[in-house]
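# Coordinate analysis (summary)
Given next are the chains, with one letter for each unit.
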Amino acid sequence: MKKNKRILIIFHQHLIPLRNTVKKYIQCFEKYSNYEVFYYNSHFKCPFYLKKINWDLIIFNTTFLIIRTKYQKFIKLQKNIEFFRKYNCIKVAFPQDEAHGGKYLCDFFNKFNINYIFSLLFKNSDIKIIKKDLKKINTVKFINVLAGYVDSSEIKKYKKYSKNKSTDFTYRVFSAKARNGYLGYQKIMIGNLFKDKLIDSKYSFDISTDIKKTIYGSKWIKFMASSKYTLGIEGGSSLYDPK
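Analysis parameters
- Residues numbered from 1 in each chain as written.
- Predicted model: local features only at pLDDT ≥ 70, side-chain atom pairs only at ≥ 80, totals over all residues.
- Heavy atoms only, no water.
- Buried < 20%, exposed > 50% of the residue type's maximum accessible area, 1.4 Å probe, protein only.
- Helix = DSSP H or I, 4+ residues; strand = E, 2+ residues; numbered from the N terminus.
- Pairing = 2+ DSSP bridges.
- Core = buried A, V, L, I, M, F, W, Y, C linked by side-chain atoms within 4.5 Å.
- Contact = heavy atoms within 4.5 Å.
- pLDDT = per-residue confidence, 0-100.
- Patch = residues over 30% accessible without salt bridge, like charges linked within 9 Å, V, L, I, M, F, W, Y side chains within 5 Å.
- Areas by Shrake-Rupley, 256 points an atom, 1.4 Å probe, with all protein chains shown as cover.
- Salt bridge = Lys/Arg side-chain N within 4 Å of Asp/Glu carboxyl O.
- Axes fitted to C-alpha atoms, helices over the stretch in contact; angles between N-to-C directions.
- Phe/Tyr/Trp six-rings, centres within 6.5 Å; stacked < 30°, edge-to-face > 60°.
- Lys NZ or Arg CZ within 6 Å of the ring centre and 35° of its normal.
- Arc of directions from axis to C-beta.

All right, on to the pairing of strand β5 (residues 116-119) then. Each regular strand shows side chains that alternate between the opposite faces of the sheet. Going residue by residue along β5, you find Ile-117 and Ser-119 tucked away on one face and Tyr-116 and Phe-118 left uncovered on the opposite face. As defined by bridge partners, strand β4 (residues 90-93) adjoins β5 across 2 bridges and the pair is classed as parallel. When the bridges of β5 are listed, Val-92 appears paired with Tyr-116. The pairing of β5 with strand β6 (residues 141-144) spans 4 bridges and is classified as parallel.

Written out as structure tokens, the structure is:
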């Protein structure tokens, strides 16, 4: 039986139905907790009844916080949920790509009195950079997490695709170039380097930095499962751009 505590998850998606990755992400709180979970997609008008509920926990999802890259829209979305500022409950944020628009994030954290920040920032030196823009440093706790987790049910679902390893090396990366600093450059460089080395070898490969060759949904899982090896680096950005 569900306990009498209520969680609100605020996310943002204009694509309906939701992509499986987003759907699994926001629904994991309902799946792995004993509380009542409610969802608000900020792409739509905020339902009036949300203002009448005494929330125990409000979670600001990655998909909501990433709208800061479109700053004016992010400000507008905040105005739509302005009333949540006065709620004296636990407020949690799950940002990603903190290297971009970090000051906009901190402005939001300050404004909405965020208590916990689940962040990809592992080094204290990185966190100190972000904390410079936080007004209530002593009341905010940083918790280190990874960029994503795979639900065990998904592993079982796609395990069958791993039986046929038709490609030796696979890789996809978005060519962000200077925006992500040297680490962003490394992501591109490692792909191009392997392509040059593999082109005259006995190994098969499917490597691309072309955004037009992005693979979505279950096709991505099948793509990854079909390969023996995939490339990667530790991290995706080494350049902090507060705005």
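There's plenty left to go through after this.
A separate point is the nonpolar core. Counting 30 residues, the largest nonpolar core has Ile-10, Trp-55, Ile-58, Phe-60, Phe-64, Phe-84 and Phe-108 as its most contacted members. Every element with two or more residues in this core is listed here: β1 (3-11), β3 (57-60), α2 (62-65), α3 (71-80) and α4 (102-111). Broken down by element, the residue count for this core peaks at 4 residues, all from α4. Sequence-distant contacts of Phe-64, defined by excluding residues within four places in its chain, comprise Ile-10, Phe-11, His-12, Ser-42, Phe-74, Leu-77, Ile-81 and Phe-108.

A residue-level look at the chain finds 90% of positions with pLDDT of 70 or above and a mean pLDDT of 86. Per-element mean pLDDT across the chain ranges from 62 in helix α5 (residues 124-131) up to 97 in β3.

The subject of this paragraph is a nonpolar patch on the surface. Side chains of Tyr-182, Tyr-185 and Met-189 sit close together on the surface and give an oily, nonpolar patch of about 320 Å² of accessible area. By relative accessible area, which is 32% here, Met-189 ends up partly exposed.

Our focus in this paragraph is the environment of Lys-73. Along the chain, the position of Lys-73 falls in helix α3. For the pair Lys-73 and Lys-159, spaced 86 residues apart in sequence, the C-alpha separation works out to 40 Å. If near-sequence neighbours (up to four positions away) are discounted, Lys-73 is found in contact with His-12 and Ile-67.

Further remarks concern the sheet that holds strand β9 (residues 227-230). Read from one edge to the other, the open sheet built from 3 strands follows the order β8-β7-β9, with strand pairing classed as parallel. The two strands at the open ends of the sheet, each matched to only one other strand, are β8 (205-208) and β9. On average, adjacent strands in this sheet sit at an angle of 25° to one another, irrespective of strand direction. Of the strand pairs in this sheet, strand β7 (residues 167-172) and β8 are connected by 4 bridges, and their pairing is parallel. Bridging across to β8, Phe-169 finds its partner in Phe-205. Docked against the sheet, helix α7 (residues 181-198) engages β7 and β8, running at close to 145° with respect to β8. Seen against the sheet, helix α8 (residues 217-225) touches β7, β8 and β9 and runs at an angle of roughly 140° to β7.

What follows deals with the packing of aromatic side chains. Applying the stated rule across the entire model yields 19 aromatic pairs. Judged by centre distance (5.7 Å) and plane angle (65°), the rings of Phe-29 and Phe-94 are edge-to-face. Residue Phe-29 is found in helix α1 (residues 20-31), and its partner Phe-94 is found in the loop between β4 and α4; the two are separated by 65 residues along the sequence. Accessibility assignment for this pair places Phe-29 and Phe-94 in one class, buried. Its guanidinium or amino end placed over the ring of Phe-83, Lys-51 lies 5.1 Å from that ring's centre, counting from NZ or CZ.

Moving on to the side chain of Gln-78. On the secondary structure map, Gln-78 appears in helix α3. Judged by its relative accessible area of 4%, Gln-78 falls in the buried class. With near-sequence residues (within four places) excluded, Gln-78 lies in contact with Phe-108, Lys-111 and Phe-112.

Now for the pattern of salt bridges. Inspection of every chain in the model, using the stated rule, returns 7 salt bridges. In this structure, Arg-6 engages Glu-36 in a salt bridge whose closest nitrogen and oxygen atoms are separated by 3.5 Å. Taken together, the positions of Arg-6 in strand β1 and Glu-36 in strand β2 (residues 35-41) put the pair 30 residues apart, joining distant regions of the chain. Residues joined in a network through salt bridges with shared partners are Glu-82, Arg-85 and Lys-111.

Attention now moves to α3. Among the residues making up α3, those that are buried are Phe-74, Leu-77 and Gln-78. The buried residues of α3 occupy an angular sector of 100° when the element is viewed end-on, so they sit on one face. For α3, the exposed residues lying more than 90 degrees away from the buried face are Gln-72, Lys-76 and Lys-79.

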